[in-house]
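Coordinate analysis (summary)
What follows is each chain in one-letter form.
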Amino acid sequence: MLASRNRCHILLCAVCIPLALIALDASAADLVSSTALDDRAISTRAQKIHPAVERSLPTADARIKAWVLFGDGKELSDGSRRRAAMKGLEQSYNARAIERRKLRRTLPDLFDENDLPVPASQVDAIRATGAIVHVVSRWINGVSVAASREQLVRIAAFDFVEKIQPVRRGRTVDQLAQAQTQIVGPSATAAGFYGIAEAQLVQMRLTQLHALGYTGAGVRIGVLDTGFQRTHVAFNEPGHPLQVVVEYDFINHDSNTGIQAGDPSNQYVHGTMVLSTIGGYKPNEYVGGAYDAAFILCKTEDVAGEYPAEEDNYVAGLEFIEAQGGDLATASLAYIDWYTQADLDGMTAVTTRAVNIATANGLHCLNAAGNAGHDSNPATSHLLAPADALRVFTVGAVDVSGLTASFSSDGPTADGRQKPELLARGLDAKTVVTNNNTDYTGGSGTSFATPLLATVVACLVQAHPDWTVDQMRWYLLHTADDFVANGVPDALFVRGYGLVNALAAHAGDCNDNGIDDATDIAAQAGTDCNVNGLPDECDLTADPPLDVNHDGVLDTCQPPAIPAASSWGVACMALTLLAIGSILAARRSVAE
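Because the structure is predicted, anything quoted here is derived from the model rather than measured.

Attention now moves to the confidence of the model for the protein chain. Of all residues in the protein chain, 79% attain a pLDDT of 70 or more, and the chain-wide mean is 84. In the predicted structure, residues 1-43 sits below a pLDDT of 50 and forms 27 contacts with residues beyond four places in sequence or in another chain. With pLDDT under 50 throughout, residues 562-572 is counted as low confidence; its partners more than four residues away or in other chains account for eleven contacts.

Within this structure, the stated rule accounts for two cavities of 30 Å³ or more. Here the second largest cavity is characterised by a volume of approximately 30 Å³. Surrounding the second largest cavity, H240, P241, L242, Q243, G279, Y291, A293 and F295 form its lining. Of the residues assigned to the lining of the second largest cavity, the class counts are five nonpolar, three polar and no charged.

One pass over the full model with this rule turns up 24 salt bridges. For D428, the salt bridge is made with K430, and the minimal N-O distance between the two is 2.8 Å. When its relative accessible area of 27% is taken as the criterion, D428 is described as partly exposed. One connected set of salt bridges, linked through shared partners, spans R100, R101, D115, R138, E319 and E322.

What follows is about the sheet that holds strand β6 (residues 220-225). Pairing is parallel in the open sheet, where eight strands are placed in the order β9-β12-β6-β14-β16-β17-β18-β21. Each end of this open sheet is capped by a strand with a single partner; those strands are β9 (243-249) and β21 (498-499). Bridge analysis of strand β18 (residues 422-425) against β21 gives two bridges, and the strand direction is parallel. Its bridge partner lying in β21, L422 is registered against G498. Across the sheet, helix α12 (residues 311-323) lies against β6, β9, β12 (294-299), β14 (328-331) and β16 (364-368), angled at about 170° from β6, the strand it touches most.

The next subject is the layout of surface pockets. Size it by volume and the largest pocket reaches roughly 810 Å³. In this structure, the largest pocket is lined by 35 residues; those nearest its centre are L107, M347, N356, I357 and A360. Among the elements that take part in the lining of the largest pocket, helix α13 (residues 350-360) stands out by supplying five residues, more than any other. Along the lines of polarity and charge, the residues of the lining of the largest pocket split into 14 nonpolar, nine polar and twelve charged.

Time to look at the environment of R495. Locating R495 in the fold gives a position in the loop between α16 (481-486) and β21. On the basis of relative accessible area, R495 is assigned to the buried category, the value being 17%. Taking C-alpha positions, R495 is 8.6 Å from A397, a pair spaced 98 residues apart along the chain. Once residues within four sequence positions are removed from consideration, R495 is found in contact with V398, G402, L403, T404, P420, E421, L423, D481, D482 and D490.

The sheet built from four strands is open, its strands ordered β2-β3-β1-β4 with antiparallel pairing. In the strand order of this sheet, the two ends are held by β2 (132-137) and β4 (161-166), each with one partner. Here the strands of the sheet are splayed against their neighbours by 25° on average, with no regard to which way each runs. Bridge count between β2 and strand β3 (residues 142-147): five bridges; the pairing is antiparallel. The partner of V135 across the bridge, within β3, is S144. Together, β1 (64-70), β2, β3 and β4 form the strand contacts of helix α7 (residues 120-128), whose direction differs from that of β2 by roughly 160°.

Tallied over the entire structure, the rule returns 15 aromatic pairs. On the basis of an interplanar angle of 85° and a centroid distance of 5.2 Å, the ring pair of F70 and F160 is categorised as edge-to-face. Of this pair, F70 sits in strand β1 while F160 sits in the loop between α8 (149-156) and β4, and the two are 90 residues apart along the sequence. Here W467 and Y475 contribute two aromatic rings whose centre-to-centre distance is 4.4 Å and whose plane-to-plane angle is 45°, an arrangement assigned as tilted. The pair W467 / Y475 is uniform in exposure class, with both members buried. The lysine or arginine in question, R473, covers the ring of F393, its NZ or CZ lying 5.6 Å from the ring centre.

Secondary-structure assignment places R220 in strand β6. When the C-alpha positions of R220 and Q324 are compared, they lie 9.1 Å apart, and in sequence the two are 104 residues distant. Sequence-distant contacts of R220, defined by excluding residues within four places in its chain, comprise R96, V245, A294, I296, Q324, G325, G326, D327 and L328. Within the local environment of R220, its side chain forms a polar contact with the backbone oxygen of Q324, the two atoms lying 2.8 Å apart.

A separate point is unusual backbone geometry. For the peptide bond that leads from A385 to P386, omega is 5°, which places it in the cis range. Secondary-structure assignment places P386 in the loop between β16 and β17 (393-398). The residue after K419, namely P420, is reached through a cis peptide bond having omega -10°. Within the secondary structure, P420 is located in the loop between β17 and β18. A positive phi angle is found at D109, which is not glycine, with a value near 65°.

Here is what the cut-offs are and how they apply
Residues numbered from 1 in each chain as written. Predicted model: local features only at pLDDT ≥ 70, side-chain atom pairs only at ≥ 80, totals over all residues. Heavy atoms only, no water. pLDDT = per-residue confidence, 0-100. Contact = heavy atoms within 4.5 Å. 1 Å grid on protein atoms, 1.4 Å probe; cavity = no way out; pocket = protein on both sides within 12 Å on 5 of 7 lines; lining within 4 Å. Points joined across faces, edges and corners; volume = space filled by probe spheres on them. Nonpolar A, V, L, I, M, F, W, Y, C, P; charged D, E, K, R; others polar. Salt bridge = Lys/Arg side-chain N within 4 Å of Asp/Glu carboxyl O. Buried < 20%, exposed > 50% of the residue type's maximum accessible area, 1.4 Å probe, protein only. Pairing = 2+ DSSP bridges. Helix = DSSP H or I, 4+ residues; strand = E, 2+ residues; numbered from the N terminus. Axes fitted to C-alpha atoms, helices over the stretch in contact; angles between N-to-C directions. Phe/Tyr/Trp six-rings, centres within 6.5 Å; stacked < 30°, edge-to-face > 60°. Lys NZ or Arg CZ within 6 Å of the ring centre and 35° of its normal. Polar contact = N/O pair within 3.5 Å; in protein donor to acceptor, adjacent residues only side chain to side chain.

Quick look at the structure:
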């Protein structure tokens, strides 16, 4: 404690004395030459442009996809204007999104600067250079553009532009050519209500949650993928068709996520298969895990290219899902282009930052871990962004018996967090076929395990609409089979907490006292200082950690530290007074 206090006082000296000197001797600025001021000027145009952008422009006329990121403020430095803008959002924002934020948002107030629109004047200035604006992002505070070198140099000259960096590319974590296995007809499906899908739902104990009446009714699920062809019988059961609230194609900028003229022949394949695992409904043939849910569909991946996924579409799709009142978002897209494993720290990648904002607003997010495989070395990682986001459910794959699939990617994140966290069926997971409207097949990859886990989250949202993201994470992680058996997550960062157990998570009793946590907190039997719906005793074991210094008090609940007076404080004051005296003496000398 004493050493800590001394360090604090040393820091105080190091900071306060220079500040005192600057404050008292402001007139000394006149002695600084204009050349020195120039040396301390803001970054030049060239310094604003990421080197990878330059390297990707082989000719002067070539165009590259780039993020143009703006500085803070969004032209609302005046407090009254900012408050008025926030008030306006309360009147104009999607009513369902507002209700979700009231229930599950963990930041102060309902809205913040991330919700304010990007200033139109800044977007117009970018367009005036001839650059083509593709995505305008509130959360990232910038735009993605297709622009030439000359246009980017002109854009970098704007004072409001902070930096220009590449739009990272990626792909679905599964290869579409290998996604479908043996095709079976309706007559070959398993007997029973769930048909061929029964084993993968039973494995997650989800059918037991269905038996309690939780089937995703009233829940909105956002899906980011390649496109969705909804002609299969499993999407069109009489009296129970797939419910689509809204859809948007972020590639062609229209409201059709199905087959369109000019689309590659396999454009819609992956997304259609994924959608069926969640919302398919053909009793006794094939039933998805959240068959009563409604959907927000986002077509974000153009499969025509070698790297068909671009992170700006992911960010735009996630913002869209949140703004349309979605309850959760599931994606099988991943990005590593120009990122390194060191960047996967939960704070750096653009898609990762977007997921962090989404979860803070109460949107449960799930992303595939990837199919790069795993090893027995806990120091190596094969993750892709945004699987490193702080509160995203990162999902690995198992087979029908619960064994880890060989392709399932391992962690940890760059900052040492457990990823993946949960497992679901990803080897020969059952789906609809996409080349006819009646048959079924199997697909392999963590991108099929991810929507299956999303069905568990959807049913739990129906059962517990007020569960925050932290609550949902705690209950699912700490009731998963490996954690229950071993008391700790996987030290090799391959299986995380294990296979999900939907029924056990439903209990909502993190401290195992036989009383659900909401009742505990309401009765003041447990404290909830950070107001995330979990008793503080459970938050102390949360992932990501909420008590970084391990002092038994949540970091967000720490009282502000006030250093006690000591000899160091006296010494600091003496040095400060001595410095002031020196300045005054120097001024008198100059005056004489």
